[in-house]
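Residue-level structure breakdown
Listed here are the chains, written in short residue letters.
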Amino acid sequence: MRLAKGIGYVLMIAGGLHVLYHVLDAWRWMPVSLSGLSIYSYQQATVMAGVFAVLAGMVLWVNPQGGHAMFKRMGRFTLSVGVMGVVLACSGWFLLAQQNLTTLDQHGKTLLHQFESNIAQTLQERLALLQRQAERWQVPPYLPNDRLWQRETESYLRDYPELASLWLFDENRRLLRHAMQSAQTSTQGAMPVLNRAMLDWQHQLMPSSTIQVSSITQAEGRPVVWLTFPLVVEDNHTAWLRAELDVSALLNRSAFQVTDDTSMQVHAEDQLLFSSRPLADPQQWYPLVAQKAVLPHVGSWQMSSYLDTRELKRLGMLPTLLWLTVLVFTFLLMGSQQLHHLSVRSGQRLSVKHDDLQETLKVLRILERGVNASINGVMVADAKQTDYPVIYVNKAFERITGYPSEEVLGRNCRFLQGPDTEASAVHAVREALHDQYEVQVVLLNYRKDGTSFWNELFISPVLNEEGAVTHFVSIQHDISAQREYEAQLAFNASHDALTGLPNRSLFEDRLKQASRIAGRYEHKLAVLFLDLDGFKPINDNLGHQLGDQVLNEVTQRITDALRPGETVARFGGDEFVILLPELAYEEDVISVVEQLLVSIALPYRIDESDIRLTASIGLTIADGLLENPLEMIQQADLAMCQAKRQGRNTYQWFTCDLNTQESQRVVLRNELQTAIEKQQFELFYQPQVHAFSGQVIGFEALIRWKHPQRGYISPVEFIGLAEDTGQIIAISDWVLATACRDNVRLNSMQIGAFTMAVNISPMQFQRGNFIRSVRESLERTGLPANLLELELTEGILMENAEHAIDALHKLRREGIRIAIDDFGTGFSSLSYLKRLPIDKIKIDRSFVNDVISDQRDAAIIQGILSMAYHLQLGVVAEGIETQGQYAYLRKHGCNWLQGYYFARPMPLATLEIYLEEQHQAYQLNLARQRSDETEQTLMRGHEADT
Ligand SMILES: Nc1nc2c(ncn2[C@@H]2O[C@@H]3COP(=O)(O)O[C@H]4[C@@H](O)[C@H](n5cnc6c(=O)[nH]c(N)nc65)O[C@@H]4COP(=O)(O)O[C@H]3[C@H]2O)c(=O)[nH]1
């Protein structure tokens, strides 16, 4: 920048000085110079170059940055063209001007040369003419007489005006005759008075035979040249003819016709002898050439040629025009070049801009596609116009709101608001728009069809390069589904998905609330725990879909039985809990419960078949003063379990005893788990004997828990709990495997083919892998299937008869025997029994117990035996404690017997000894019998002989 400024300084100063110099130098020629075109053309060229230098310097000095940029913008070629053009124009101008000057100089010289030649020739002719005249007068009659003189001189003077006068002198230099141009002669013929020069000549006249030519002298103020011719006349006398040549006339006579624009002058010793034109205005004439001319005899004079400055101007036109033309052409060329350069640069810039635009367009298209592909509505509003009219909406906006873009553009988007749009959210949006900051709100908007949707709205101001807000972009996210989902989640969090009833959590809330109200208003509230009886097999065997239908129907029946304000909740599975928050009388609970039991027990018509269900209900009542009202749920649960134990399809009040029992159950359950893990169980075996032979035909495996503190615990105490807790599965698997293994060992004693009867729990039987686990136990132990007998209660088979029948068929196909345990206690229908693929039935101990004393038990036993006989089923009577019972059953055809009368359950080792003893006793008895028979035979033979 400094360099540019420096160069600018130098150019300005140098150019300025150059111009000043020439302006001052040309001052005296100013009128001509200012006329624009003169001999100073070449100087003007350099002046113009100086002006250019000044201008360029100013550009660089005033704005070196701009100048630099300007030069850069002009392009090198343009600048080169400019410089070249200026140099060429100035050079051309200079050369042409020089050439003009040279031509003019030459022209002037030529003119002068011709003029000089003419003068010399004229002078020579006049000399020759007068010489001839002089010669004529040297022959007789010699000197002319007056008349002849006059005639001849008149002729000369007339024809040659430059001959100012002719003089004829005699030998003594006396004037004989003379003749003058009429203008100069006052009197023709009269002797003139000789002027001083003539007199001088008379005195100085030297006799000479040669022609004398004087130098230019003044005669009467005129430049003249004297020609003197010696004449030899008769008698060798001498005479002189003297001719006065008017130099001006001579020159005039010699001058040829020059052009209007040139002029010639002749000076002799600063005296103007001749001028082809009057040079009144010296500034009109430009001196071309001035040179000396030497004429023989006459001497030298100064000849000058002049050119009319108008011609000079005319001549100057060409270089100037050329200069201007070249400059104009240069500027045009520069202009065109610059235009070309600019067009190329613009083209390049346009190309770049075009590329940029294309790229921007591409990006914009992608953005537009992206915006249009967005699932969120996008809307752009003009922030600079009042009321922020919408200028763009994407497809998602149209889809979400139902408004086509043409109905939206130009409007304020408040048309999306409706009656339930939250005023606070709208206010927040307005404030954000007014203060131009981002805002995010959720508000209820309305579609074109009037339906509402939840709009999660995000509005952001858009700034331009100056940071001013020009637009607002809003992104709309229809979160209706999300809201619905959240509501659903909230509902699900507090409700049961299948029935839509409140779940435990909501029930607990309501219970707490009801308890507080009950405490405040001193009334009572009740909680009912309802569990369906026998629902699980329905669900497992008929499918969950059908189970769900049953549950929904149960829900409906319960709901129908309740009053408004009362709550029924589903706690999962088939458990329903009911809250009666405001009891007028305690007895009201009973009426509700009885209504529920009746209603639930009604048949369920599903898929064109009737399903029957009952419910067990536990009840508890409180006055709202319970510290923890949720205890009521546990209490009702305990009571429900008690109702179950009491035979189901009934209800049971909660009592404090139940609480104690439950505590014990909890302790027992934990200990039972420890027992499973530490294998604290043993199997005792109770023999079953043939009713008539008394021989042991098999055993029933009966589990014992060898508690580390309490000793042996009866299965009656823990099997039910294990069933409830699911611990029965692990226990049952162990029992089955152990019983099979021990039976293999007992059979290996080779004292009989013993059958092992194993009690099967309901949960064990209903497991999907039950048959497989039985098969695996047999395979692992190697016990033949026909030596395993499974004892199932009537209840197990009744709960899901079809599944049970199917499973029993499979088991029997394996060769496994099936016995129905506790037969007679389960109210089995006989038609149903007929379909069961079983081998035996076991008469329950309760019938055997009083068979002797109670006719009804006896009748039942007889009925069972009769039925079994006709169904071709074996019968085992258990609980035989007395001889009477034994005898009665044997008498009525019971095949097999089991009871303390024969043997108590015993460990394996004891059993082995027992069996050994029994076998020996049997053998002994058999031998005795044989011996008796032999003895009797012998006696009979002896009697016969005698
Ligand atoms: N008063 C009296 N009782 C007699 C007499 N003869 C046998 N008993 C008892 O009657 C019960 C017969 O077994 P249960 O009816 O299947 O009834 C069994 C059975 O239902 C269940 N149980 C026993 N062991 C198992 C087992 O391993 N698995 C399963 N699931 N249940 C078992 O526990 C119940 C009770 O078993 P236990 O206490 O061993 O009681 C046994 C047995 O000791 C008698 O003459 N008089």
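Notes on the structure in this doc start here. If you're wondering where the values come from, they're calculated on a predicted model, not measured in any experiment. (Residues numbered from 1 in each chain as written. Predicted model: local features only at pLDDT ≥ 70, side-chain atom pairs only at ≥ 80, totals over all residues. Heavy atoms only, no water.)

1. Section: the overall build of the chain
Within the chain, the secondary structure is distributed over 30 helices and 31 strands. Summarising the internal contacts of the chain: among those between residues at least 6 apart in sequence, 62% fall at separations of at least 24. Summed over all atoms, the accessible surface of the chain reaches about 50000 Å², with 54% contributed by carbon and sulfur. (Helix = DSSP H or I, 4+ residues; strand = E, 2+ residues; numbered from the N terminus. Contact = heavy atoms within 4.5 Å. Areas by Shrake-Rupley, 256 points an atom, 1.4 Å probe, with all protein chains shown as cover.)

2. Examining the sheet that holds strand β13 (residues 439–446)
Taken in spatial order, the 5 strands line up as β12-β11-β15-β14-β13 in an open sheet, and their pairing is antiparallel. Looking along the sheet, the strands with just one partner apiece sit at the ends: β12 (390–393) and β13. Adjacent strand axes in the sheet meet at a mean angle of 25°, parallel and antiparallel pairs treated alike. Two elements, strand β11 (residues 377–382) and β12, share 3 bridges in a ladder whose sense is antiparallel. For M379, the partnering residue across the bridge sits in β12 and is V393. (Pairing = 2+ DSSP bridges. Axes fitted to C-alpha atoms, helices over the stretch in contact; angles between N-to-C directions.)

3. Overview of a nonpolar patch on the surface
A grouping of Y9, V10, I13, L17 and L20 is seen on the molecular surface, where their side chains present a nonpolar patch of about 500 Å² in accessible area. Structurally, Y9 can be placed in helix α1 (residues 2–25). (Patch = residues over 30% accessible without salt bridge, like charges linked within 9 Å, V, L, I, M, F, W, Y side chains within 5 Å. Salt bridge = Lys/Arg side-chain N within 4 Å of Asp/Glu carboxyl O.)

4. A look at the pairing of strand β2 (residues 175–180)
Of all the 6 residues making up β2, 5 are buried; the element is thus mostly covered by neighbouring parts of the structure. Bridge count between strand β1 (residues 163–169) and β2: 5 bridges; the pairing is antiparallel. Residue L168 lies in a different strand from β2, and its bridge partner there is R177. What sits between the antiparallel neighbours β1 and β2 is a turn of 5 residues, in which R173 has the positive phi angle 60°. (Buried < 20%, exposed > 50% of the residue type's maximum accessible area, 1.4 Å probe, protein only.)

5. What to know about the packing of aromatic side chains
Here the structure, examined in full by the defined rule, presents 18 aromatic pairs. Between W137 and W149, the ring centres sit 5.3 Å apart and the planes meet at 35°, which makes this aromatic pair tilted. Residue W137 is located in the loop between α5 (76–136) and α6 (146–159), and its partner W149 is located in helix α6; the two are separated by 12 residues in the primary sequence. Between the aromatic rings of Y901 and F902, the centroid separation amounts to 5.1 Å while the plane-to-plane angle is 85°, which identifies the pairing as edge-to-face. A residue is classified by how much of its surface remains accessible, and Y901, at 31% relative accessible area, is partly exposed. Taken together, the ring pairs in this structure connect F681, W705, F718 and W734 into an aromatic cluster. Here the basic side chain of R557 rests over the ring of Y604, its NZ or CZ set 3.7 Å away from the ring centre. (Phe/Tyr/Trp six-rings, centres within 6.5 Å; stacked < 30°, edge-to-face > 60°. Lys NZ or Arg CZ within 6 Å of the ring centre and 35° of its normal.)

6. Here's the deal with the side chain of Q635
Within the secondary structure layout, Q635 lies in helix α18 (residues 631–645). Ignoring any residue separated from it by four or fewer positions in sequence, one finds Q635 in contact with T620 and F654.

7. Observations concerning the sheet that holds strand β7 (residues 262–268)
Within a sheet, adjacent strands bond to each other through the backbone by hydrogen bonds, running parallel or antiparallel. Read across the open sheet, the 4 strands follow the order β8-β7-β10-β9; overall the sheet is antiparallel. Unpaired on one side and paired on the other, β8 (271–275) and β9 (285–295) mark the two borders of the sheet. Adjacent strand axes in the sheet meet at a mean angle of 25° when their direction is disregarded. As paired strands, β7 and strand β10 (residues 299–308) are joined by 6 bridges and run antiparallel to one another. The partner of V266 across the bridge, within β10, is M303. Each of β7, β8 and β10 touches helix α8 (residues 247–254); the most contacted strand, β8, lies at about 30° to it.

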